[in-house]
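# Coordinates in review
Here are the chains, one letter per residue:
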Amino acid sequence: MNDSEYMQLAIAQAQDAAQRGEVPIGAVIVLEDRILSAAGNRTITDCDPTAHAEIVALREAAREAGNHRLIGASLYVTVEPCAMCAGALVQARIARLIYGADEPKGGAIRTCMQVLDAPALNHRVEVVSGVLAGESVELLRSFFAARR
C-alpha cells in the first residue's frame, strides 16, 4: 500500500470517531507493510485528555510489537499532531510521520510550533504533510458545522 491508501484507513478511523461524538481524527501505524494499530480520538469516550488518536495508536502498536520503541514505523494521521503527540513520536522512535491537514490552532509539527525540529532531540522524524488533506479538512468542517 502507498501513503494515500494508508491515509484512507486513518480517515476511516476519523469517521468512526465522529460517529462516537469525538473530534474526527484518525491514526494508523505501519511497520514493514504491516498495520500494527489503527485508532480514532477517544478523549471523550475514555474521559482521558491524552487519548488522542496518535497516542491510542502508539499504545496499541507498542503492545502489538512487544516493544515501546517502534523503530522504522510510520504514523499516518489525518491532522497535524499537537505538542504532546509530537513528543510521543520521538519517544517511540517513529521513523516517518505522514499527516493530512495542518492544524492552525495547535499543530506542533509545522504550523504553530516545530517540536520535531528542536536541535537537542536525540531522534529525527521524517515528515510528509498534505496527504489527502482535503478529505481530512472536510471531516473536521462537517463535524463542527453539525455541532453549531
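Let us look at the structure shown here. (Residues numbered from 1 in each chain as written. Predicted model: local features only at pLDDT ≥ 70, side-chain atom pairs only at ≥ 80, totals over all residues. Heavy atoms only, no water.)

### Focus: the sheet that holds strand 3 (residues 74-79)
Spatially, 2-1-3-4-5 is the arrangement adopted by the five strands of the open sheet, whose pairing is mixed. The sheet is open, and its two edges are formed by strand 2 (34-40) and strand 5 (126-129), each paired on a single side. Between one strand axis and the next, the sheet turns by 15° as a mean value, whatever way the strands run. Of the strand pairs in this sheet, strand 1 (residues 26-31) and strand 2 are connected by six bridges, and their pairing is antiparallel. Bridge pairing in strand 2 places Val30 opposite Ile35. Packed onto the sheet, helix 2 (residues 53-65) meets strand 1, strand 2 and strand 3 and runs at close to 145° relative to strand 2. Helix 4 (residues 133-147) rests against strand 3 and strand 4 (96-101) of the sheet, and its axis sits at about 55° to strand 4. (Pairing = 2+ DSSP bridges. Helix = DSSP H or I, 4+ residues; strand = E, 2+ residues; numbered from the N terminus. Axes fitted to C-alpha atoms, helices over the stretch in contact; angles between N-to-C directions. Contact = heavy atoms within 4.5 Å.)

### Concerning the state of the cysteines
Applying the stated criterion to the full structure yields zero disulfides. Just so you know, Cys112 is unpaired, no disulfide at all, and the nearest cysteine sulfur is the one on Cys82, 11 Å from it. (Disulfide = S-S within 2.5 Å.)

### Quick word on unusual backbone geometry
A negative phi angle characterises most non-glycine residues, just as the trans form characterises most peptide bonds. You will see that Asp33, though not glycine, has its phi angle at about 65°, which is positive. For Asp33, the location among the structural elements is in the loop between strand 1 and strand 2. Its identity as a non-glycine residue notwithstanding, Arg93 has a phi of 65°, on the positive side. Here Arg93 shows up in the loop between helix 3 (83-92) and strand 4. A relative accessible area of 16% means that Arg93 is categorised as buried. (Buried < 20%, exposed > 50% of the residue type's maximum accessible area, 1.4 Å probe, protein only.)

### Quick notes on the packing of helix 2 against helix 3
One way to put it is that helix 2 packs onto helix 3 with a least axis distance of 9 Å and a crossing angle of 20°. By the angle class used here, helix 2 and helix 3 are roughly parallel. Judged by the twist between their axes, the crossing of helix 2 over helix 3 is left-handed. From helix 2, Glu54, Ile55 and Leu58 reach across to helix 3, where they touch Met84, Cys85, Ala88, Leu89 and Ala92. The residue makeup of the contact of helix 2 with helix 3, split by class, is seven nonpolar, no polar and one charged. (Parallel < 35°, antiparallel > 145°, perpendicular 65-115°, else oblique. Left-handed = near helix turned anticlockwise from the far one by under 90°. Nonpolar A, V, L, I, M, F, W, Y, C, P; charged D, E, K, R; others polar.)

### Some remarks on the packing of aromatic side chains
As enumerated under the stated definition, the model contains two aromatic pairs in all. A ring pair is formed by Tyr6 and Tyr76, whose centres lie 5.1 Å apart and whose planes are at 35°; its orientation type is tilted. Of the two residues, Tyr6 is situated in helix 1 (residues 3-19) and Tyr76 in strand 3; the sequence distance between them amounts to 70 residues. You'll find Tyr6 and Tyr76 in the same group, each marked buried. Aromatic side chains Phe143 and Phe144 sit 5.1 Å apart centroid to centroid with 85° between the ring planes, which places their arrangement in the edge-to-face category. Note on Phe143: relative accessible area 9%, which makes it buried. (Phe/Tyr/Trp six-rings, centres within 6.5 Å; stacked < 30°, edge-to-face > 60°.)

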